[in-house]
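# Working through the structure, step by step
One-letter residues, chain by chain:
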Amino acid sequence: MQMKTQENKRKRNFHWQRVGLAMAFGALAVMLAGIAVDRWRVRDGWCVRFLPNGEQKVLYGDDCWK
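All chains use their own residue numbering, which begins from 1 and follows the written sequence. It should be noted that, the model being predicted, local features are given only for residues of pLDDT at least 70 and side-chain atom pairs only at 80 or more, the latter also being counted only at that level, while totals for whole chains, interfaces and linings use all residues. To obtain the side-chain values, all non-hydrogen atoms of the structure were used and water was disregarded.

In DSSP terms, a helix is any run of H or I states spanning at least four residues, a strand is any run of E spanning at least two, and both are numbered starting from the N terminus. Within the protein, the regular secondary structure consists of 1 helix and 2 strands. When the elements of the protein are put in sequence order from the N terminus, they spell out α-β-β. Here's how the labels work: a residue is buried when its accessible area is under 20% of the maximum for its type, exposed when over 50%, partly exposed in between, all with a 1.4 Å probe on protein chains only. Each of the 66 residues in the protein was classed as buried or not, and the buried ones make up 6%. Using a 1.4 Å probe, the Shrake-Rupley method yields the accessible areas, and only the shown protein chains count as cover for residues. Summed over all atoms, the accessible surface of the protein reaches about 6,200 Å², with 62% contributed by carbon and sulfur.

Moving on: the pairing of strand S2 (residues 56-60). For two strands to be treated as a pair, DSSP must find no fewer than two bridges joining them. In this sheet, S2 lies alongside strand S1 (residues 46-50) in antiparallel orientation, the contact comprising 5 bridges. Directly across from Trp46, in S2, lies its bridge partner Tyr60. Between S1 and S2, which follow one another and run antiparallel, lie 5 residues, and Gly54 among them has a positive phi close to 100 degrees.

Looking now at a nonpolar patch on the surface. Patch membership needs two things, relative accessible area over 30% and no salt bridge, and members are linked within 9 Å if like-charged or within 5 Å if nonpolar (Val, Leu, Ile, Met, Phe, Trp, Tyr). Just to be clear on terms, a salt bridge is a Lys or Arg side-chain nitrogen sitting within 4 Å of an Asp or Glu carboxyl oxygen. A contiguous nonpolar patch, built from Leu21, Phe25, Leu28, Met31, Leu32 and Ile35 and spanning about 640 Å² of accessible area, is present on the exposed surface. By the secondary structure assignment, Met31 is in helix H1 (residues 2-43).

Given below as structure tokens:
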């Protein structure tokens, strides 16, 4: 009986480790996709900057890289 209890604990821990790894890789993939889309927009010549007062400003061309 003791052996089965330890085996079940290992299986449960392994399951949560897999969930944690999947979440970490998913978050990393979303961040990288966001960066790629941002670079693609800037390359096409436009971008949006958000000002501290909550307004947004659309920039074009070389202004995007500043």
